[in-house]
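Fold and contact review
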Amino acid sequence: MFVVMVSPECAPVAKVGGLGDVVHGLSRELAIRGVTVELILPMYDCMKYDRIFDLQKSYSDLRVPFHDEWIHCDIYSGVVDELKCFFVKPNSTERFFERGRFYGESDDAERFAFFSRAVLEFMLKSGKHPDVIHCHDWQAGLVPVLLYEIYERQGMDKSRVCYTLHNVGHQGVTGEHILRQVGLDPVAVMTPQKLLDPTHANAINLMKGGIVYANFVTTVSPRYSEEIRHTELGEGLQDTLNLHADKVGGVLNGIDYNVWNPETDTQISANYSSTALSGKVGDKKALRQRLMINDVFKPIVAVVSRLDRQKGADLIRHAAFYSLANHAQFVLLGSAAEEELNAAFWGLKHYLNDNPDCHFEIGYDEELSHQIYAGADMLVIPSVYEPCGLTQMIAMRYGTVPVVRNTGGLADTVFDANYSDVPFEQRNGFVFSELTTEGLESALSRGIGLWHRYPEYFRQLRTNGMNQDLSWNNPGRDYLNIYEHIWT
Ligand code: ADP
């Protein structure tokens, strides 16, 4: 089977969050299972070029129709972690992917609409006929629309589309001019059944287009697929998702066991496993040394996160104060795209600067994230919503006990030490429901209390988490089944 991933991110070269990890991890798993996998990404100027091998121009002067002109593109190819990747580089005055960052530009909708059109034009002209085109998030939502409205008639009639929603909080809602730019007829597609946005008058919704036109739609956890169909977490897409319910399903993400493995991780000071945990003590010591916090008899409560409202920024702040007041240390690694939140967390960092039990690292640091997962005792994730969440899974892999809100993928993967109805050996963390400080405290207090009073039981939670299969093994098989289902 031949699968092409169309994505705005792929770790480690272009990663903003979990999407990058997922596209990379799933592609690797599929390749191991014998699938021929290729990826197509924009050629951002801010990619990690040192992680791309054998980068070379592989297709010159691809002419992509856009608005009333042709934009000339070069397509580069390279190998990222044994995965064959193609990069779309438009040569135009807009410099779509030369902005020094991946997203957050005022013309994001235009940039990724162009990318979608260029991807299909490249496949057509280079004679690439994948069995399945697997598209990710709103940035690739136009791919199935363009395939079935334009490219099917030009001979691309064999490919089927799987479309994955990583976060319905970002849908690509934009003006109808985008349709004309990519060559779609607004009269034909700007309808309530197709791309018309359900909430904003006269706007189109690129994610909705992907849902309507794709052959199968997945969310990144089963719980999130229920939540977006039946609650306001669907952000206006509930009716569309329910109308297409027979082709919508949730597949829980995995994590890459080659990247996240405490037994072999070279970025941590001591390796360990669920049957030989002593290395984790050394990692805790090393983390304290690196972050210059006290070496005392207390648990380390940690956060590794984008800092935004989705991630429960207010409760993250509360977790810091609560931990410090309740015989625990607190460590945060996070970055905020929003100016106001960035300033708020810098203010907090300065305020707590002299506290010897606390460290805030504001920024993005892959190596430190490994050291925190290994050295911490608990990881707090108080998300407002969480399509899947990888950090709780990574934490469990490293024997760090998650303290999470009961939503989305967090609810699918974390089972409360005291209140879950799963068997004891599957309980692996602490869960709370209410999005309030009291809610958070109800779980965090139990975690800190257990660490101090019942270390054996706490240790059991660690090993329960470590013994689960959180790899890409199960989701890889599920995706393969979906591909086969839509392809045959
Ligand atoms: P999201 O995709 O919503 O940001 P996920 O939990 O799905 O959240 O994935 C987050 C990924 O990004 C994880 O691999 C996590 O380790 C990583 N990450 C988040 N913030 C940072 C940071 N400040 N530094 C390093 N890695 C980070």
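The structure this text deals with has already been given above.
The following paragraphs examine the structure supplied in this document. (Residues numbered from 1 in each chain as written. Predicted model: local features only at pLDDT ≥ 70, side-chain atom pairs only at ≥ 80, totals over all residues. Heavy atoms only, no water.)

**Points about unusual backbone geometry**
We apply this condition: A run of DSSP states H or I qualifies as a helix once it reaches four residues; a run of E qualifies as a strand once it reaches two. Both are numbered from the N-terminal end. Buried, partly exposed and exposed residues are distinguished by accessible area as a fraction of the type maximum, computed with a 1.4 Å probe on protein chains only: under 20%, between the cut-offs, and over 50%, respectively.
The omega torsion of the bond from Ala11 to Pro12 falls at -5 degrees, within 30 degrees of zero and hence cis. Relative to the helices and strands, Pro12 resides in the loop between β1 (2-6) and α1 (18-32). Despite not being glycine, Arg95 has its phi angle at roughly 45 degrees, a positive value. For Arg95, the location among the structural elements is in the loop between β5 (83-90) and α2 (108-125). By relative accessible area, which is 46% here, Arg95 ends up partly exposed. For Glu235, which is not a glycine, the phi torsion comes out positive at approximately 50 degrees. Along the chain, the position of Glu235 falls in the loop between α7 (222-230) and α8 (238-243).

**Description of the packing of aromatic side chains**
To keep things clear, this is the line we draw: Two aromatic rings, drawn from Phe, Tyr or Trp (for Trp, its six-membered ring), form a pair once their centres lie within 6.5 Å of each other, and the interplanar angle then sorts them: stacked below 30 degrees, edge-to-face above 60, tilted otherwise. Criterion for a charge above a ring: Lys NZ or Arg CZ within 6 Å of the ring centre, and within 35 degrees of the ring normal.
A full pass over the atoms with the stated rule returns 21 aromatic pairs. Ring centres 4.7 Å apart and planes at 85 degrees place the aromatic pair Tyr44 and Phe102 in the edge-to-face group. Taken together, the residues span a long stretch of sequence, with Tyr44 in the loop between β2 (36-42) and β3 (53-66) and Phe102 in the loop between β5 and α2 at a distance of 58 residues. We note that Tyr44, like Phe102, is buried. Pairwise contacts between aromatic rings join Tyr44, Phe66, Phe96, Phe97, Phe102, Tyr103, Phe112, Phe114, Phe115 and Trp138 into one cluster. The ring of Phe345 has Arg317 sitting right over it, with the charged end atom 5.8 Å from the ring centre. In this structure, Arg397 packs its charged tip against the face of Tyr257, placed 3.5 Å from the ring centre.

**Things to note about the sheet that holds β5**
Hydrogen bonds between backbone groups are what pair the strands of a sheet, and the pairing can be parallel or antiparallel. In plain terms, the rule: The pairing criterion is simple: DSSP has to find at least two bridges between the two strands. Each axis is a line fitted through C-alpha atoms, and for a helix only the stretch in contact is used; angles between axes span 0 to 180 degrees, taken between their N-to-C directions. We call two residues in contact when some of their heavy atoms are within 4.5 Å.
Read from one edge of the open sheet, nine strands run β3-β4-β5-β2-β1-β6-β7-β10-β11, paired in mixed fashion. Two strands bound the open sheet, and with one partner strand each, they are β3 and β11 (248-250). Neighbour to neighbour, the strand axes of the sheet diverge by 25 degrees on average, direction disregarded. In the sheet, strand β4 (residues 69-80) pairs with β5 via eight bridges, with the strands oriented antiparallel. Its bridge partner being in β5, Val80 is matched across the sheet by Leu83. Contacts between helix α17 (residues 473-487) and the sheet are confined to β1, β6 (132-136), β7 (160-165) and β10 (216-219), with β7 contributing the most and set at about 140 degrees to the helix.

**With respect to the state of the cysteines**
Any covalent bond linking the sulfur atoms of two cysteines counts as a disulfide. Spelled out, the test is: Note that a disulfide, as used here, is simply two cysteine sulfur atoms within 2.5 Å.
Overall, the coordinates contain zero disulfides when judged by the stated rule. Left without a disulfide partner, Cys10 is nearest to the cysteine sulfur of Cys85, which lies 5.2 Å away. No disulfide involves Cys388; its sulfur sits 15 Å from the nearest other cysteine sulfur, which is in Cys162.

By themselves these figures say nothing about function.
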